[in-house]
Amino acid sequence: ALLLVVAACLPFAWAWMSPTQLTAFSQSIAAVSLFSSNFLFWLESGYFAPAAELKPLLHTWSLAVEEQYYILFPIFLMLTWKLGIRWILILLSVLFLLSLGVAQWGAYNFPTAAFFLLPARGWELLVGVFAAFYLKYNTHLKSHILNQALSLLGFCLIVYSIIAFDETTPFPSLYALVPTIGTGLLILCAVPKTYVHKLLSLKFIVGVGLISYSAYLWHQP
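This is a predicted model, so every value here is computed, not measured.

*Asks:* When you look at the overall build of the chain in this model, what are you seeing that I'm missing?
*Replies:* Counting its regular elements, the chain contains 12 helices and zero strands. For the chain, the α and β elements follow one another from N to C terminus as α-α-α-α-α-α-α-α-α-α-α-α. Dimensions of the chain along its principal axes, counting C-alpha atoms only, are 60 × 45 × 30 Å. Residues classed as buried in the chain amount to 36% of the 221 residues present. Sequence-distant contacts in the chain: of pairs separated by 6 or more residues, those separated by 24 or more amount to 69%. Working note: accessible area of the chain is about 13,200 Å², and carbon and sulfur atoms make up 74% of it.

And the structure:
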């Protein structure tokens, strides 16, 4: 799917871009292929800079961050698995706090680097890791009222971040806790019979979810 989007961009880039822009576009194709486009765009400009409109593959920075995580996290588990789950969670918690601290500091001091690079983004991915470990060793919460309340809270946190956050919001920083905690609450608490589960089970919403990766790939071009 990613290669199809890249291929579809080529004739338009050839027809419309200046030589300098075409050179930059070619560099972005190479970076996408190596899952290092976050480094390239960090060095070039900010995500919301005016030049972003001339970077059809700008959004692939997040794919690069994810791929770097997918490479490093299994290595971390292989090196620490013998220590036991308790120590793994302790070490992950330390990494989480360090990464969140880097994100908060970087958002105000080196915002472009904080936005694009894994050290300031890793804590967001670790929210999902903690949810996965919880569900591996525990079931969902038994209290229907608690699931109802926490899933609604998670949904509201996500909606709030969509409405309230814009390009002026320092990100990622402590502000990023709002959508990530909201997402974590949905994963853990949006169980059957909750209002949020019923909403997210609607055919249209499920359909959006099924095409979300493709829609994401196409939105920037």
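Alright, that's what it looks like, and here's the rest.
*Asks:* How should unusual backbone geometry be read in this particular structure?
*Replies:* Most of the time, phi is negative for any residue but glycine, and the peptide bond is trans. That bond from F171 to P172 is cis: its omega, 0°, falls within 30 degrees of zero. Counting through the fold element by element, P172 comes out in the loop between α8 (144-164) and α9 (177-189).

*Asks:* Looking at this model, I keep getting lost on the pattern of salt bridges. Mind explaining?
*Replies:* Two side chains bearing opposite charge may form a pair once their charged atoms approach each other closely. Per the counting criterion, the structure on display carries two salt bridges. With a shortest N-O distance of 2.6 Å, E44 and K55 are connected by a salt bridge. In this pair, E44 sits in helix α3 (residues 37-44) while K55 sits in the loop between α3 and α4 (61-80), placing the two residues 11 residues apart along the sequence. The partner of E124 in a salt bridge is R121, and the shortest N-O contact between them spans 2.9 Å. Placement of the pair is E124 and R121 together in helix α7 (residues 118-137), with a separation of three residues, close to one helical turn. Under the relative-accessibility criterion, E124 is labelled buried at 19%. Exposure remark for R121: the relative accessible area of 8% places this residue in the buried category.

*Asks:* When you look at the packing of aromatic side chains in this model, what are you seeing that I'm missing?
*Replies:* For any pair of aromatic rings, the description rests on two quantities: the centre-to-centre distance and the angle between the ring planes. Applying the stated criterion to the full structure yields 13 aromatic pairs. Consider the rings of W61 and F115, whose centres lie 4.9 Å apart with planes at 50°: the pair is tilted. Here the residue W61 occupies a position in helix α4, and F115 occupies one in helix α6 (residues 111-116), the gap between them amounting to 54 residues. In this structure, W61 and F115 share a single accessibility class: buried. A ring pair is formed by Y69 and Y70, whose centres lie 5.4 Å apart and whose planes are at 55°; its orientation type is tilted. These aromatic residues form a ring-pair network of at least three members: Y69, Y70, F73 and F76. Lying across the ring of F115, R121 places its NZ or CZ 4.7 Å from the centre.

*Asks:* In this structure, what is going on with the side chain of S173? I would like to understand it.
*Replies:* With respect to the helices and strands, S173 occurs in the loop between α8 and α9. Residue classification places S173 among the buried residues on the basis of a relative accessible area of 0%. Of note is the side chain of S173, whose polar atom sits 2.7 Å from the backbone oxygen of P170.

*Asks:* What's the story with the packing of α4 against helix α5 (residues 85-109) in this structure? I'm lost.
*Replies:* Contact pair α4 / α5: the axes reach a minimum separation of 11 Å and the direction vectors enclose 140°. In terms of axis orientation, α4 runs oblique to α5. The handedness of the crossing between α4 and α5 is right-handed. In contact with F73, F76, L77 and T80 of α4, α5 contributes I88, L91, L92 and L95.

Definitions and cut-offs
Residues numbered from 1 in each chain as written. Predicted model: local features only at pLDDT ≥ 70, side-chain atom pairs only at ≥ 80, totals over all residues. Heavy atoms only, no water. Helix = DSSP H or I, 4+ residues; strand = E, 2+ residues; numbered from the N terminus. Buried < 20%, exposed > 50% of the residue type's maximum accessible area, 1.4 Å probe, protein only. Contact = heavy atoms within 4.5 Å. Areas by Shrake-Rupley, 256 points an atom, 1.4 Å probe, with all protein chains shown as cover. Salt bridge = Lys/Arg side-chain N within 4 Å of Asp/Glu carboxyl O. Phe/Tyr/Trp six-rings, centres within 6.5 Å; stacked < 30°, edge-to-face > 60°. Lys NZ or Arg CZ within 6 Å of the ring centre and 35° of its normal. Polar contact = N/O pair within 3.5 Å; in protein donor to acceptor, adjacent residues only side chain to side chain. Axes fitted to C-alpha atoms, helices over the stretch in contact; angles between N-to-C directions. Parallel < 35°, antiparallel > 145°, perpendicular 65-115°, else oblique. Left-handed = near helix turned anticlockwise from the far one by under 90°.

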